[in-house]
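Fold and geometry: a report
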Amino acid sequence: MKNSFFLSLALGTGWLISPESLVIAGNAAGQMGVLTIPVLAIVAILLGISGKCIQQAKLVGNTGSDILLLDKLTGSIPATAILLTSCVPLTILAATALLVSCGYTFNEVFLYWFPNFGFSFLLLALLTLIQLLPERLLLRVQLGFVLTTVTALLFLLLYGISSAHPVMKSVQHSPEVTTFTSALLFLLFAGSSLTEKKQSPLLIPIAGLLLFSLWTVTSLQYVSPQRLASSTIPYMTVARKIMGDPGRQIMGVAVITGSCAAITTLLLICRRILNNQTSSDNSSRTLLSPGKQRWLLPPLLAIISGTLMATGLAGDELLEVLLRGALILWLFQYTCLCLAALLQIRQEKQQLTMAGSVCCIVLLFSLSFLIFKDPHRSELLIFIISMFAAANIAAVGLFYINQRNTSKESKETTSTKENTP
């Protein structure tokens, strides 16, 4: 695709426009009111600066991927484990939650007689088949998902802003709730680093800031803060208040296409991580060859997500806890990348940027606050520790297989050279 700007937006905004992100943004608007906008601006600036540091570190250290950057901080196996925990659990759990949301939305908004889980499984099968397309076509489909979702959201926003509406109500701010909600806003940007290398790291954070600032203002003009803060589907409540039943239908389209965009983005992240090198040695093998990760990974993750839906996890509160844990694992990976980038820049240039250091400190604080102030802290910690243990075991297995294959190929090459006259 020639236009890297739109391609970067299509890739980086996948999670940003998902229903789960709209829930976080809607609840934040209810809990913090218009204070959400300056806090979101700070989050966007911090992510932009940290993204710039990571980009700079890759240039000065001649490391072309995240795994090579982390390798210098933690070593090959821990680096692989960190990246695996940042994408695989999130992809599986997000796909489960989003697909169930799509099923209920399709059933309640469009065809009440169509089984909601039937639609969820059909959509899962469709998204899995799409992953088997050549990447050039897959990216075009992803761009279609994103453009459809953004168009639907912007239409609702513009209609809401131009229509008569009540005045925004004030919100009572609790310092601890405000801090926790502010930290949650970092989770809106999962997968935002999946952009074209030439694009500025500020692109996706600024796009998210603009979108959610408008959504916050519009939401507060139509729905009371208390209802926004407590609702599990605040986006649908806002859409209904803006346009009535047509608003619900427009938001229904946005929910389905936004979910498709988010799942496609997360699957692409998994594929690209598994296609990266295992260490800083340029001769090392990939975690999984491009052919294998294209044909094996999407069906495998689809089977796991489908099993979770079939076993009833989708209707359990535990799913939301686990999904939040998976998002925290993504933030942990991003924080590690920021720290590795700072150390790389220090090593190459013998200096640390003040802005980058501040970003890293804020990310560490937000990460700690999200874990230890969560109402389900025990379940969250068990999940995080379990995922790291499983990822380390998987990383050791992958490295053993790669080393054995490399050794076998080396022997075959040596044997061929010896037999060549």
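Residues numbered from 1 in each chain as written. Predicted model: local features only at pLDDT ≥ 70, side-chain atom pairs only at ≥ 80, totals over all residues. Heavy atoms only, no water.

1. Describing the overall build of the protein chain
For the protein chain, the helix and strand inventory stands at 17 helices and 0 strands. Carbon together with sulfur atoms contributes 65% to the accessible area of the protein chain, which is approximately 18,700 Å² in total. (Helix = DSSP H or I, 4+ residues; strand = E, 2+ residues; numbered from the N terminus. Areas by Shrake-Rupley, 256 points an atom, 1.4 Å probe, with all protein chains shown as cover.)

2. Concerning the nonpolar core
Core analysis: the biggest nonpolar cluster contains 135 residues, and Leu-90, Leu-185 and Met-251 have the highest contact counts within it. Contact partners of Leu-185, with chain neighbours within four places excluded, come to Ile-24, Ala-28, Met-32, Thr-36, Val-39, Leu-40 and Val-43. (Core = buried A, V, L, I, M, F, W, Y, C linked by side-chain atoms within 4.5 Å. Buried < 20%, exposed > 50% of the residue type's maximum accessible area, 1.4 Å probe, protein only. Contact = heavy atoms within 4.5 Å.)

3. Here's the deal with the packing of helix H4 (residues 66-74) against helix H5 (residues 76-110)
In a pair of packed helices, the angle between the axes and the distance between the axes together describe the arrangement. As a packed pair, H4 and H5 sit with axes 7 Å apart at the nearest point and diverge in direction by 130 degrees. Taken together, H4 and H5 sit at an angle that is classed as oblique. For the crossing formed where H4 meets H5, the hand is right-handed. Contact with H4, carried on its side by Asp-66, Ile-67, Leu-70, Asp-71 and Thr-74, involves Ser-76, Pro-78, Ala-79, Thr-80, Ile-82 and Leu-83 of H5 and no other residues of that element. Partitioned by chemical class, the residues of the contact of H4 with H5 number 6 nonpolar, 3 polar and 2 charged. (Axes fitted to C-alpha atoms, helices over the stretch in contact; angles between N-to-C directions. Parallel < 35°, antiparallel > 145°, perpendicular 65-115°, else oblique. Left-handed = near helix turned anticlockwise from the far one by under 90°. Nonpolar A, V, L, I, M, F, W, Y, C, P; charged D, E, K, R; others polar.)

4. Re a nonpolar patch on the surface
Together, Leu-154, Leu-158, Ile-161 and Leu-214 give the surface a local cluster of nonpolar side chains, amounting to about 340 Å² of exposed area. For the nonpolar patch, the leading source of residues is helix H7 (residues 135-162), giving 3 residues. (Patch = residues over 30% accessible without salt bridge, like charges linked within 9 Å, V, L, I, M, F, W, Y side chains within 5 Å. Salt bridge = Lys/Arg side-chain N within 4 Å of Asp/Glu carboxyl O.)

5. Quick look at the side chain of Asp-66
Positionally, Asp-66 belongs in helix H4. Here Asp-66 falls in the buried class, since its relative accessible area comes to 19%. If we ignore the near neighbours within four places in the chain, the residues touching Asp-66 are Lys-58, Leu-83, Gln-333 and Leu-337.

6. A look at the packing of aromatic side chains
Under the counting rule described, the total for this entry stands at 9 aromatic pairs. Look at Phe-365 and Phe-369: their rings are 5.7 Å apart centre to centre, the planes differ by 35 degrees, and that puts the pair in the tilted class. Linking Phe-365 with Phe-369, this pair stays in helix H16 (residues 354-372), spanning 4 residues, or about one helical turn. Relative accessible area serves as the criterion here: at 49%, Phe-365 is assigned to the partly exposed category. The class for Phe-369 is buried, based on a relative accessible area of 14%. Here a set of aromatic residues connected by ring pairs shows up, and it is made of Phe-106, Phe-110, Trp-113, Phe-114 and Phe-119. (Phe/Tyr/Trp six-rings, centres within 6.5 Å; stacked < 30°, edge-to-face > 60°.)

7. What about the confidence of the model for the protein chain?
Taken residue by residue, the protein chain gives an average pLDDT of 84. The fraction at 70 or more is 85%. Looking at the elements of the protein chain, mean pLDDT is at its lowest for helix H13 (residues 290-295), recorded as 67, and at its highest for helix H11 (residues 234-243), recorded as 94. Below a pLDDT of 50 lies the segment residues 277-285, which in the model reaches 25 contacts outside its immediate sequence neighbourhood of four places, other chains included. (pLDDT = per-residue confidence, 0-100.)

8. Quick look at helix H12 (residues 245-274)
Since the α-helix packs 3.6 residues into each turn, any two residues three or four apart lie on the same face. Its 30 residues give H12 an end-to-end C-alpha distance of 44 Å, which sits within 8% of 44 Å, the value for a rise of 1.5 Å per residue. Among the 30 residues in H12, 24 count as buried, and that is most of the element. (Expected span 1.5 Å × (residues − 1).)

9. Digging into the pattern of salt bridges
Charged atoms that come close allow side chains of opposite charge to pair. Here the structure, examined in full by the defined rule, presents 3 salt bridges. Between Glu-135 and Arg-272 there is a salt bridge whose closest N-O contact spans 3.1 Å. With Glu-135 in helix H7 and Arg-272 in helix H12, this residue pair connects regions lying 137 residues apart in the sequence. With relative accessibility at 35%, the residue Glu-135 sits in the partly exposed group. Across the pair Asp-374 and Arg-324 runs a salt bridge whose closest N-O atoms are separated by 2.6 Å.

10. Description of a negative patch on the surface
A cluster of acidic side chains, namely Asp-316, Glu-317, Glu-320 and Glu-379, defines a negative patch on the protein surface. In this fold, Asp-316 is placed in the loop between helix H14 (297-310) and helix H15 (317-349). Judged by relative accessible area, which is 39%, Asp-316 ranks as partly exposed. (Lys, Arg positive; Asp, Glu negative; His and termini not counted. Charge placed at Lys NZ, Arg CZ, Asp CG, Glu CD.)

11. Details of the environment of Cys-360
By the element assignment, Cys-360 lies in helix H16. The exposure class of Cys-360 is buried, given its relative accessible area of 5%. Here the alpha-carbon distance between Cys-360 and Leu-46, two residues 314 residues apart in the chain, equals 8.8 Å. If we ignore the near neighbours within four places in the chain, the residues touching Cys-360 are Thr-335, Cys-338, Leu-339 and Leu-342.

12. Quick notes on the environment of Ser-224
As for its placement among the helices and strands, Ser-224 is situated in the loop between helix H9 (203-222) and helix H10 (225-230). Separated by 14 residues in sequence, Ser-224 and Val-238 have C-alpha atoms that sit 9.9 Å apart.

13. Quick look at the environment of Ala-389
Counting through the fold element by element, Ala-389 comes out in helix H17 (residues 377-419). The exposure class assigned to Ala-389 is partly exposed, which follows from its relative accessible area of 41%. Once the C-alpha coordinates of Ala-389 and Thr-85 are considered, the two residues, 304 residues apart in sequence, prove to be 9.6 Å apart.

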